[in-house]
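Each chain, written out:
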Amino acid sequence: MISKLIKGIKEKNAPIVVGLDPQLGFLPEDILARAYDEKGRTLEAVADAVFEFNKGIVDATYDLIPAVKPQIAMYEQFGIPGLMAYKQTVDYCKSKGLVVIGDIKRGDIGSTSEAYAIGHIGSVDLGGEKVYPFDEDIVTVNPYLGSDGVKPFIKVCNENDRGIFVLVKTSNPSSGEFQDRVVDGRPLYELVGEMVNSWGLDSMDGEYSNVGAVVGATYPEMGKILRDIMPKAYILVPGYGAQGGKGKDLVHFFNSDGLGAIVNSSRGIIAAYKQEKYAGMDYKDAARAAVVDMIEDISSALQ
């Protein structure tokens, strides 16, 4: 699967992913009003509005980007209707040729971990008929339970040509409370990075592995260290834009071949119409303009 993502990055010259993380405050009032008029002030109405909003973002940007990253919590907050909107979003994005990275951050052990993996990147055999439940291409995985929690995902990846991004050094301010703790003389995130590198050898797809890593843009110096520790792992880089990351911070996340990383922006794109820079623009036009600006920022930094 990582080779498919790399192909899209090369074709569009855009190592970026748009985070489809809808919140009620991000939805234009007219979209919500139409949904409420049709279905009342219900979760079903909100779910319809969320999908309409996502569809507008995707239609405005799919020709510029290789991938999207819907965060499942933003859909789960609206219950079963929200999850249905999540599935609609996954299917629509795939119909547009985009790689879908499901930001699910799952992690458990044994059969439970395998069930998560099957539900999101695997298939269920129904009497000889294969059915793909959520059908994302790649998902994020929490490694806190160790190899028992990660290896079932790798097994499902290998069986279905899918991928995972393992949390290594996240972009949030309190990540250091655990991830920076010194173990045997080294920070924990480095030890997790070494595990990711080892796990990745079991799922190579060309020059890179289907087992990648999440490393926040807000910690560029740590990213430089982790790039060396995980030379074959693609790095998903959150924290660009709204969380403070800039293109110049990201150079060391990439390998010398110009590959090796994909940078995420969520509200900086999907809620761009609320920013002063894009004031007065329709949310779709603002999203497209924000994507163009992000591509230029990262490309300039890499050059």
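Everything that follows concerns the structure shown earlier in this document.
Here's the deal with the pattern of salt bridges
- Scanning all chains against the criterion turns up 22 salt bridges.
- The salt bridge involving K155 is made with E114; its shortest N-O contact spans 3.1 Å. Highlighted residues: K155 in helix α7 (residues 147-160) and E114 in helix α6 (residues 110-121), separated in sequence by 41 residues.
- Overall, the relative accessible area of 39% leaves K155 in the partly exposed class.
- The exposure class of E114 is partly exposed, given its relative accessible area of 26%.

Quick look at a nonpolar patch on the surface
- Side chains of I109, Y144 and L145 sit close together on the surface and give an oily, nonpolar patch of about 340 Å² of accessible area.
- Inspection of the secondary structure assignment puts Y144 in the loop between β6 (138-141) and α7.

Focus: the side chain of T89
- One can find T89 in helix α5 (residues 79-95).
- Here T89 falls in the buried class, since its relative accessible area comes to 2%.
- Dropping the residues within four chain positions of it, T89 is found in contact with L20, F51, N54 and Y75.

A look at the pairing of strand β11 (residues 208-215)
- The element β11 is largely enclosed, with a buried count of 8 among its 8 residues.
- Where strand β10 (residues 204-205) lies against β11, 2 bridges are found, and the strand directions are antiparallel. Across the sheet, residue D205 finds its bridge partner in β11, namely Y208.
- Hairpin connection from β10 to β11: 2 residues lie between these consecutive antiparallel strands, with G206 at a positive phi of about 80 degrees.
- As paired elements, β11 and strand β12 (residues 233-237) share 3 bridges and run parallel to each other. Note that in β12 the partner of A213 across the bridge is I235.
- The parallel pair β11 and β12 is bridged by helix α10 (residues 220-229), and the resulting crossover is right-handed.

What about the packing of aromatic side chains?
- Going through the model one piece at a time under the given rule, you end up with 6 aromatic pairs.
- Judged by centre distance (6.1 Å) and plane angle (90 degrees), the rings of F51 and Y92 are edge-to-face. Separated by 41 residues along the polypeptide, F51 in helix α3 (residues 43-61) and Y92 in helix α5 bring together distant segments of the chain. Judged on exposure class, the residue F51 and its partner Y92 are both buried.
- Summarising the aromatic geometry, the rings of Y208 and Y234 are spaced 5.1 Å apart at their centres and angled 70 degrees between planes, so their arrangement reads as edge-to-face.

Rules behind the numbers
Residues numbered from 1 in each chain as written. Predicted model: local features only at pLDDT ≥ 70, side-chain atom pairs only at ≥ 80, totals over all residues. Heavy atoms only, no water. Salt bridge = Lys/Arg side-chain N within 4 Å of Asp/Glu carboxyl O. Helix = DSSP H or I, 4+ residues; strand = E, 2+ residues; numbered from the N terminus. Buried < 20%, exposed > 50% of the residue type's maximum accessible area, 1.4 Å probe, protein only. Patch = residues over 30% accessible without salt bridge, like charges linked within 9 Å, V, L, I, M, F, W, Y side chains within 5 Å. Areas by Shrake-Rupley, 256 points an atom, 1.4 Å probe, with all protein chains shown as cover. Contact = heavy atoms within 4.5 Å. Pairing = 2+ DSSP bridges. Right-handed = clockwise from strand over helix to strand, strands pointing away. Phe/Tyr/Trp six-rings, centres within 6.5 Å; stacked < 30°, edge-to-face > 60°.

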